[in-house]
Amino acid sequence: MAQISLYLEDETMAALRKKATLANASLSKYVADLIRNDVASGWPTGYWDLFGSIEDETFCEPEELSFSVDGVRGAW
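Residues numbered from 1 in each chain as written. Predicted model: local features only at pLDDT ≥ 70, side-chain atom pairs only at ≥ 80, totals over all residues. Heavy atoms only, no water.

### Examining the overall build of the protein
Tallying secondary structure elements over the protein gives 2 helices and 0 strands in all. For 76 residues, the compact-globule formula gives about 11 Å, and the C-alpha radius of gyration of the protein, at 23 Å, lies well above that figure. Reported as C-alpha extents along the three principal axes, the dimensions of the protein are approximately 65 × 35 × 20 Å. Among the 76 residues that make up the protein, the fraction classed as buried is 5%. (Helix = DSSP H or I, 4+ residues; strand = E, 2+ residues; numbered from the N terminus. Rg over C-alpha atoms; globule rule 2.2 N^0.38 Å. Buried < 20%, exposed > 50% of the residue type's maximum accessible area, 1.4 Å probe, protein only.)

Here is the structure:
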């Protein structure tokens, strides 16, 4: 398994330790999970949590369009 060295300010390191403790994970596992999630995911953290979160009557799904209004394909 590869290893990595990080150089962090004391305040950043303290915050990182606190977050790892709150996640009930070792510092190494917590940082590895952060990196793994960042490089593996095409979507930002929390992206899918936003689905359906807008409470606005003007933000709605449009009516289905008829295929009759579609252009002719391959005509050019």
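### Topic: unusual backbone geometry
With a phi angle near 55°, Asn24 is a residue other than glycine that sits in the positive phi range. Note that Asn24 resides in the loop between helix H1 (10–22) and helix H2 (27–40).

### Some remarks on the environment of Lys19
Here Lys19 is to be found in helix H1. Residue classification places Lys19 among the partly exposed positions, given a relative accessible area of 47%. Residues Lys19 and Ile54, spaced 35 residues apart in sequence, show a C-alpha to C-alpha distance of 29 Å.

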